[in-house]
Amino acid sequence: MADTYDFNSIERKWQDYWQERSLFHVERREDRPKFYYLDMYPYPSGELHMGHVRNYIIGDAFARYRTMQGFNVLHPMGWDSLGLPTENAAIKYDMHPVEWTEQCVRNMKQQFAKLGISYDWSREIDTSSPEYYGWTQWLFLQLYKNDLAYRGPGLVNWCPDCQTVLANEQVVSGCCERCDATVERTDREQWFFRITDYAEKLLGDLELLDGWPERVVRMQEHWIGKSEGFSFTLQVEDHDAEMEVFTTRIDTVYGVTFMVLAPEHPLVETLTEGTEFEEPVREFCQRAMAESVIERTSEETEKHGIFTGAYATHPLTGERVPIWVANYVMMDYGTGAIMAVPAHDQRDFEFARKYEIPIIPVIQPEGEELVGETMNESYIGDGEQINSGEFSGQPNREALEQIADHMEAEDIGRRDVNYRLRDWCISRQRYWGAPIPVIYCEECGTVPVPEEDLPVELPEDVDFSVTGNAPLSQVAEFMNVECPECGGPAKREADTMDTFVYSAWYYLRFPSPHEDEAPFNKDDVEYWLPVDQYVGGIEHATGHLMYSRFITKVLHDLGWVSFREPFASLFTQGMVYKDGAKMSKSRGNVVSPDALNEKYGTDTGRLYSLFVGPPDQDTEWSDEGVVGSHRFLWRVWRLATEHMDAWDGQLADLLPEDGTEAQREMRRNTHQTIMKVSDDFEGMRFNTAIAAIMELSNDLTDFVGSMDADDAADRAVFSEGVRALVMLLSPIAPHICDELWARMGEEPSLFERDWPEADESLAEEESITIVVQINGKVRDSIDVPAGTDMDDVVEMALGREKVAKYVEGNEIAKTIKVPDKLINLVVK
RNA sequence: GCCGGAGUGGCGGAACUGGCAGACGCACCAGACUCAAAAUCUGGCGGGGCUCAACACCCCGUGCGGGUUCGAAUCCCGCCUCCGGCACCA
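As the structure is a computational prediction, the values presented were derived from the model and not from experiment.

Rules used throughout
Residues numbered from 1 in each chain as written. Chains lettered and ligands numbered in written order. Predicted model: local features only at pLDDT ≥ 70, side-chain atom pairs only at ≥ 80, totals over all residues. Heavy atoms only, no water. Near = heavy atom within 4 Å. Polar contact = N/O pair within 3.5 Å; in protein donor to acceptor, adjacent residues only side chain to side chain. Helix = DSSP H or I, 4+ residues; strand = E, 2+ residues; numbered from the N terminus. Nonpolar A, V, L, I, M, F, W, Y, C, P; charged D, E, K, R; others polar. Expected span 1.5 Å × (residues − 1). Buried < 20%, exposed > 50% of the residue type's maximum accessible area, 1.4 Å probe, protein only. Arc of directions from axis to C-beta. Axes fitted to C-alpha atoms, helices over the stretch in contact; angles between N-to-C directions. Parallel < 35°, antiparallel > 145°, perpendicular 65-115°, else oblique. Contact = heavy atoms within 4.5 Å. Phe/Tyr/Trp six-rings, centres within 6.5 Å; stacked < 30°, edge-to-face > 60°. Lys NZ or Arg CZ within 6 Å of the ring centre and 35° of its normal. 1 Å grid on protein atoms, 1.4 Å probe; cavity = no way out; pocket = protein on both sides within 12 Å on 5 of 7 lines; lining within 4 Å. Points joined across faces, edges and corners; volume = space filled by probe spheres on them.

Caption draft 1: Structural context of the protein's contact with RNA strand B. Near RNA strand B you find 55 residues, and of these Thr247, Lys303, Tyr333, Arg347 and Asn824 are the closest. Of what RNA strand B places within 4 Å of the protein, 66% of the atoms are sugar or phosphate. In this structure, a base nitrogen belonging to RNA strand B sits 2.8 Å away from a main-chain N or O atom of Met330. Here a phosphate oxygen of RNA strand B and a side-chain polar atom of Asn687 are 3.0 Å apart. A per-element tally of the surface near RNA strand B places helix H22 (residues 686-705) first, with six residues. Partitioning the surface near RNA strand B into residue classes produces 20 nonpolar, 16 polar and 19 charged.

See the structure below:
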């Protein structure tokens, strides 16, 4: 009687074995190709559930596969422990973030160990350690010195609950992505990274990213939001002022009947000051600005505005154009001011109708005659240019170019490009972050902290309960310093950096995590980077992934790295649902890996997580399905242990040269499965790889049922299949496979063995089933030796009763022959 | 509105560039083993028709309506529904 599958002790045993032998530790080596596999690192949280864990299982299966294939695989893990998410969690559980982080990291490491994940822990990174964030401060200084970091006023997103500003990327449908509070817009001095300087490179280099999912590329493209058009300046009548506008439709410039400023626009005050319009306009603006971001940007929101009393001069016609303020113009896109062409823009149209402003069509659609007074909606299509002076009478697209040429020649404006992307606001008025390494001196102004004084350490004893002001500003010992330049009294910057700054370069730290002379060792980075496969959630499409690309490009331009893109290939895993909702602690539908381990072992959880569906698609977790995966491991266990064979010498010597039909078929299945599984692993199609492994297991069960236990050839054929099965399954369920491997008398660990190679000649089919169709409907099938001439197959088919039935009395109009697949007889 | 993705049995999902739809697994049904149950093993399992029944055979079937093709889950056109992203973007 075979032993039982005691998964708990087996898993403990092999985890110890791997750890004792430091199996997962990697170093640079030139004799193998490198492969850098990176999972997005987590921030410390109380409990991992299977929804999170699936990501790491995908990564582990793939990293193990690549290792067995002979790659030198870097597979590291770290903690995104510094920043708002951690601080909020710590506050919630009434702990200091240091304590919270320590506790979570301890827990999570243990969970990873129990899952059997092959991380090289000698490379562990903790962003809240001064060694790490000191180099993040160094990074800040590099950007500062190169004019890519600046402090300036800006309309920023303010979360009233988190009491801090948020980057645009952290605002989701007008709400804080972390706490869901409605975000407010305020004017505050903040630190920014000039990511907009890199808009063009970030956009252009998207085409280098073949290994990225289409939708992520599209999302970034849209986020950058390039639009090409024309910018020009108008003089304001009776004021020493001018206003600049941007348009994509300069061909409609003769149709301008009013101008609009955003309520926040600084010109609003200038134009109305001391006039009868001052009071009502100010009142209007205050009301408009009080509207939340959501109300303000919804298309349903009624457009409203007010006349400022001022006029601009049309640059081409010289006509007086009234200047309005309206809620539908946004300060943070373009110049915060627009030229309004009601005849050819729906928003302007609605506004003009409401306030009885003239509508002048300047583009005539073919076969129609637009009249401003009777139009029901704006016309945004192409047509013939009219009412446009010398440019009338030609197609508007041509007129557009000519008007642009003309205005450029007259020095009224220029062809211009506008981006939706905003500079990256990186300062936070919160405690748990890296202090921005800047000192304010009364004499010298803003002084960067000298590099040799880094890190600027975050003091631990700080009251960080939510206040709205940077908690560090309360800590005198921290704030008061000598100016590094003049030695006079000075104060530190009290704001800290955003979480996303640390994660924008962590992948560069893993190759040399203990480097203390530089942020990273250049040679190590050149060896390992770019990341060959990066895996994480789609929610980082426009945040973290954009920031990381930006930082890499900056470091490239400053000569620190040779590559322009950090992640060659990106894989976005799907989310796990249970009972119809996304698995999450707050919904109470989580499946804990610990409970699963206890009951079925981690190999079962790993197997099921990969079998449940394609890893890049969302999926529904089923507790019954887990049982099925567990049963399969039991079947494999019995199959291998009940017919255990240890070999003296080489298995290959015992395999039959030719063998019986059953033997040939078994070997064919074995080798076909190796091919199929290898191919599926390559595309991370673990679900179909597992299905193929299950089929091989079923085939082996059939084979062993009719095999002659005394026949050496039969036993060898069977053993070949079982050995292949165990090897193919090992990246997915490594513990049981190492145990079976060792029991078969082979040398563990499979992690160090070579991935099996298929013998293609053995995998080849001997006989093939040809489908016979009549008029495209399947009527029969014929087994023939592989490679049979299709004309012969047609002959055979015509001789068959089933086929003759349909052909008889009809004419065969056409015969379609697909070699080794099918024939289709078209009869009339 | 724009950009992605998806829609296939009771369920999760297969079907690589058009070629036997439903692999693999779950659930379910029947049988074997058992005093019994669990576990395990064997078989069945899209819908309908024909048939005493089985084998066989026939028809229908991949969100809906068209089309291309000898042949469509797959390609094209027009819709519907769901999910994700962006959105008064000038």
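After that view, the rundown keeps rolling.
Caption draft 2: Summary view of helix H4 (residues 97-115). If you check H4, its first and last C-alpha atoms are 26 Å apart, about what 19 residues at 1.5 Å a residue would give, namely 27 Å. What H4 keeps buried is the set Pro97, Trp100, Thr101, Cys104, Val105, Met108, Gln111, Phe112 and Leu115. For H4, the angular spread of the buried residues around the axis is 130°, confining them to a single face. Within two residues after H4, Gly116 carries a phi angle of roughly 75°, on the positive side.

Caption draft 3: Representation of the packing of helix H21 (residues 661-682) against helix H23 (residues 712-729) within the structure. Closest axis-to-axis distance for the H21/H23 pair is 9 Å, and the angle between their directions is 10°. Compared by their axis directions, H21 and H23 come out roughly parallel. Where H21 abuts H23, its residues Gln663, Met666, Arg667, Thr670, His671, Thr673, Ile674, Val677 and Phe681 lie against Ala713, Asp714, Val717, Glu720, Gly721, Ala724 and Leu728. For the contact of H21 with H23, the class distribution of residues is eight nonpolar, five polar and three charged.

Caption draft 4: Spatial organisation of the packing of aromatic side chains. Inspection of the entire model under this criterion finds 53 aromatic pairs. Ring geometry for Tyr150 versus Phe192: centroids 5.4 Å apart, planes at 20°, classification stacked. Here Tyr150, found in strand S5 (residues 149-159), pairs with Phe192, found in strand S9 (residues 184-193); they are 42 residues apart in sequence, far enough to count as distant. Overall, the relative accessible area of 8% leaves Phe192 in the buried class. Ring geometry for Tyr254 versus Phe391: centroids 6.2 Å apart, planes at 50°, classification tilted. Of the two residues, Tyr254 sits in the loop between strand S11 (242-247) and strand S12 (258-261) while Phe391 sits in the loop between strand S17 (384-385) and helix H12 (396-409), which places them 137 residues apart along the sequence. Each member of the aromatic cluster is reached from another via a ring pair, and the members are Phe140, Tyr144, Trp191, Phe193, Tyr198, Trp424, Phe500, Tyr547 and Phe550. Its guanidinium or amino end placed over the ring of Trp18, Arg64 lies 4.6 Å from that ring's centre, counting from NZ or CZ. Taking NZ or CZ as reference, Arg492 lies 5.5 Å from the ring centre of Phe478, over its face.

Caption draft 5: Empty space enclosed by the protein, seen in detail. This structure, assessed with the given rule, holds four cavities of 30 Å³ or more. For the largest cavity, the calculated volume is near 50 Å³. Broken down by secondary-structure element, the contributors of at least two residues to the lining of the largest cavity are helix H3 (84-92) and strand S25 (496-497). Of the residues in the lining of the largest cavity, the class split is three nonpolar, four polar and four charged.

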